[in-house]
Amino acid sequence: MTTRRTFLATAATGAAALATGAPSLASIGSVPAPAAGKHELPALPYAFDALEPFIDAQTMQLHHGKHHMAYVNGLNKAEDELAKARSADDYAMIQHWSKQAAFHGGGHWLHSMFWKVMGPAGKQGGGEPTGELLAAINDGFGSFAAFKKQFTAAAVAVEGSGWALLHYRHEDARLIVMQAENQHKLSSWGTTPILGVDVWEHAYYLKYQNKRPDYVAAWWNVVNWQAVSDNLSTLRR
Ligand code: MN3
């Protein structure tokens, strides 16, 4: 409920888009609604050093302020250029900028979710899911331990840059683990991620170098299960 209310409160500037039925990236309340047609970098919901010692402050600063910012700028640029290419009937450029919009839009969406599904260890972060989310995990994977194992394996095995994601599948209301290459490849229709871990090297290299499994193991300590649970209940409503 809180998430939905927060989303509605912060989505006032996106009301016009919602009213016209335009697709909104903000369906689970993680992504700020575009203001005046422009996407914006959401504020981090905690300090850069809040996820220490599991994720270091410098990584967070670069990841949020440089990498996520670049996706926001890239998405805005791609949408501007797409509009131009469409009015010029320039189909080669429509093709090019569509790919750019998918790449940068995927980056903006996933990072907006990523910040929100983490929190300081021992406070919002860590522990285990409870309630409706735990029931859905048990239903999908047999147990939390089995889910954690599958999700970790998916994260460690992503080829090159990408994500491990826990998706909600709308058709049967179940949870499934998926991978994404880059931000958007291997996507599936009719599903929405409610939890994800970024396994691009920029997410961990400063602290963990080539040891992605160590980063993923540490990352579990900062997962904000309440936020993941809120994502699930918003989608199920
Ligand atoms: Mn990233």
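Scroll up a little and you will see the structure.
Fair warning: this is a prediction, and the values are worked out from it, not measured in the lab.

**Let's talk about the pattern of salt bridges**
On inspection of all chains with the given rule, the structure shows five salt bridges. Across the salt bridge formed by D80 and K38, the nearest N and O atoms sit 2.8 Å from each other. Within this pair, whereas D80 is found in helix α3 (residues 57–87), its partner K38 is found in the loop between α2 (15–19) and α3, the two being separated by 42 residues in sequence. What makes K38 partly exposed here is its relative accessible area of 33%. Measuring nitrogen to oxygen at the nearest pair gives 3.2 Å for the salt bridge that ties E81 to K84. Highlighted residues: E81 and K84, both in helix α3, separated by three residues, approximately one helical turn.

**What about the sheet that holds strand β3 (residues 191–198)?**
An order of β2-β1-β3 is seen for the three strands of this open sheet, with the pairing classed as antiparallel. Each edge of the sheet is formed by a strand with only one pairing partner; in this case those strands are β2 (174–181) and β3. Pairs of neighbouring strands in the sheet enclose a mean axial angle of 30°, with direction left out of account. Direction of pairing for strand β1 (residues 162–169) relative to β3: antiparallel, over a ladder of seven bridges. Residue pairing in the sheet places R169 in a bridge with T191 of β3. In this fold helix α9 (residues 225–236) packs onto β1, β2 and β3, with an angle of close to 165° to the strand it touches most, β3.

**Considering the packing of α3 against helix α4 (residues 91–116)**
In contact at an axis separation of 8 Å, α3 and α4 are set at 145° when each is read in the N-to-C sense. Crossing of α3 against α4: the hand is left-handed. Of the residues that constitute the contact of α3 with α4, the class distribution is 15 nonpolar, 12 polar and three charged.

**Examining the coordination of the manganese ion**
Protein ligation of the manganese ion involves H63 (NE2), H111 (NE2), D198 (OD) and H202 (NE2), the donor distances falling in the range 1.9 to 2.2 Å. According to the relative accessible area criterion, H63 is buried, its value standing at 2%. On the accessibility criterion, H111 (0% relative accessible area) is buried.

**A word on the environment of H39**
Tracing the chain through its elements places H39 in the loop between α2 and α3. Since its relative accessible area comes to 9%, H39 is described here as buried. Along the sequence, H39 and L75 sit 36 residues apart, while their C-alpha atoms lie 7.5 Å from each other. Separated by 3.0 Å, the side chains of H39 and E79 make a polar contact.

**Considering the side chain of D198**
Mapped onto the elements of the fold, D198 is located in strand β3. Buried and unpaired, D198 has no salt bridge, with R212 as the nearest side chain of opposite charge at 8.4 Å. Only 2.8 Å separates the side chain of D198 from the side chain of H63, close enough to count as a polar contact. A distance of 3.4 Å separates polar atoms of two side chains, one belonging to D198 and the other to H202. Among residues more than four places away in sequence, those in contact with D198 are H63, H111, F114, G162, W163, A203 and Y215.

**Focus: helix α5 (residues 131–141)**
When α5 is considered as a whole, its buried residues turn out to be L133, A136, I137 and F141. Summarising the axial view, the buried residues of α5 lie within an arc of 105°, below the 170-degree limit, and thus occupy one face. Lining the buried residues of α5 we find α6 (144–157), β1, β2, β3 and α9. Positive phi shows up at G142, right after α5, with a value of about 100°.

Rules used in this analysis
Residues numbered from 1 in each chain as written. Predicted model: local features only at pLDDT ≥ 70, side-chain atom pairs only at ≥ 80, totals over all residues. Heavy atoms only, no water. Salt bridge = Lys/Arg side-chain N within 4 Å of Asp/Glu carboxyl O. Helix = DSSP H or I, 4+ residues; strand = E, 2+ residues; numbered from the N terminus. Buried < 20%, exposed > 50% of the residue type's maximum accessible area, 1.4 Å probe, protein only. Pairing = 2+ DSSP bridges. Axes fitted to C-alpha atoms, helices over the stretch in contact; angles between N-to-C directions. Contact = heavy atoms within 4.5 Å. Left-handed = near helix turned anticlockwise from the far one by under 90°. Nonpolar A, V, L, I, M, F, W, Y, C, P; charged D, E, K, R; others polar. Donors = N, O, S within 2.8 Å, 3.2 Å for Na, K, Ca; no water. Polar contact = N/O pair within 3.5 Å; in protein donor to acceptor, adjacent residues only side chain to side chain. Lys, Arg positive; Asp, Glu negative; His and termini not counted. Arc of directions from axis to C-beta.

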